[in-house]
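Coordinate analysis (summary)
Here is how the chains run, residue by residue.
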Amino acid sequence: MNRSPVIPLAITVLAIASVVIGWMIYWPIESSRYAATRTVERSKSVIRMTYTVTHEQGPIARESLTFTNVNGKAEVAYEGMNRPGTAIARFKLPVSGFTVASLFGEAVHDGVWDLRTMPPRGDTTTSYTIAIYQLTDNQSGGHTFTFTDPHYWATTAGHQYHIHLEKDKPVPDLLTLRSTSLAEPRYGLIVHDFKAFDPPGLRATLAAARAKLRAA
């Protein structure tokens, strides 16, 4: 018995139509996913923090520690200079990306983006400069500030007084004015964050660099 060619042809046409329809439905989705994946692969993640301490006294004039994490690869770099400026000590130490990311998180929690440069107060023989930079999702930002004596700012900073005058009201009693404390403990927290950073090998390498500067 002769079979009609119509049925196989219909099956073939239906199969082709199914492939075309499937391609039209799923290709935009897969294409979008591919593009998103490529964007993530091309995007660069950078964390960089520099902690600089300047000493007015002692054999070491200035020390800087720079903490970087680029796409998960992290290191800490040190540069110190002796008082006469005749000796410089440098080193770079690879560390876990998690440790630098954790330090960055602690600093953010303690207000590193919010704190600002303060005038020299308290013990001014040592000053601190914090510089921070972050690049993520193709967006970047940085912030730098300087201050002295974090203990002073945390405990003994002065007060700011507010006078609010209203029409047809008597002059306020200057002995009972409201004040706002200028004390800011977060400067001390930031310094503690950097001093507490202690990945394997850092303290010993740092001690050797400082010994070199003191002996120069």
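Quick note: structure is the one above.
All of the points below concern the structure found in this document. (Residues numbered from 1 in each chain as written. Predicted model: local features only at pLDDT ≥ 70, side-chain atom pairs only at ≥ 80, totals over all residues. Heavy atoms only, no water.)

Turning our attention to the environment of Pro200. In this fold, Pro200 is placed in the loop between helix H4 (186-195) and helix H5 (202-215). Residue class for Pro200 comes out exposed when judged on its relative accessible area of 77%. For the pair Pro200 and Ser96, spaced 104 residues apart in sequence, the C-alpha to C-alpha distance is 9.5 Å. (Helix = DSSP H or I, 4+ residues; strand = E, 2+ residues; numbered from the N terminus. Buried < 20%, exposed > 50% of the residue type's maximum accessible area, 1.4 Å probe, protein only.)

We now examine the environment of Leu65. Its place among the elements puts Leu65 in strand E2 (residues 60-70). In this structure the C-alpha to C-alpha distance between Leu65 and Tyr51, which are 14 residues apart in sequence, comes to 5.2 Å. Every residue in contact with Leu65, bar those within four places of it in the chain, is listed here: Met49, Thr50, Tyr51, Val76, Ala77 and Tyr78. (Contact = heavy atoms within 4.5 Å.)

Take the pattern of salt bridges next. When their charged atoms lie close together, side chains carrying opposite charge are able to pair. Across all of its chains, the model carries six salt bridges by this definition. Arg90 serves as the salt-bridge partner of Glu79, at 2.8 Å between the closest nitrogen and oxygen. You can see Glu79 sitting in strand E3 (residues 73-82) and its partner Arg90 sitting in strand E4 (residues 88-95), a full eleven residues away along the chain. The salt bridge involving Arg186 is made with Glu184; its shortest N-O contact spans 3.1 Å. (Salt bridge = Lys/Arg side-chain N within 4 Å of Asp/Glu carboxyl O.)

Turning to the pairing of E2, a few remarks are in order. Extensive coverage of E2 is indicated by the burial of nine of its eleven residues. Across nine bridges, strand E1 (residues 46-55) lies against E2 in antiparallel orientation. Directly across from Arg48, in E2, lies its bridge partner Thr68. Note: E2 against E3, ten bridges, orientation antiparallel. Paired with Leu65 across the bridge in E3 is Tyr78. Where E2 folds back on E3, the antiparallel hairpin that results is connected by two residues, among which Asn71 adopts a positive phi of roughly 55 degrees. (Pairing = 2+ DSSP bridges.)

In this model helix H2 (residues 97-109) runs 18 Å from its N-terminal to its C-terminal C-alpha over 13 residues, within 8% of the 18 Å that 1.5 Å per residue would give. Turning to H2, its buried residues are Gly97, Val100, Leu103, Phe104 and Ala107. Down the axis of H2, the buried set is contained in an arc of 130 degrees. They therefore lie on one face. Seen from the open side of H2, the exposed residues pointing more than 90 degrees away from its buried face are Phe98 and His109. (Expected span 1.5 Å × (residues − 1). Arc of directions from axis to C-beta.)

Take unusual backbone geometry next. You will see that Asp137, though not glycine, has its phi angle at about 55 degrees, which is positive. For Asn138, which is not glycine, the phi torsion reads 60 degrees and is therefore positive. Within the element layout of this structure, Asn138 appears in the loop between strand E5 (126-136) and strand E6 (139-148). Overall, the relative accessible area of 57% leaves Asn138 in the exposed class.

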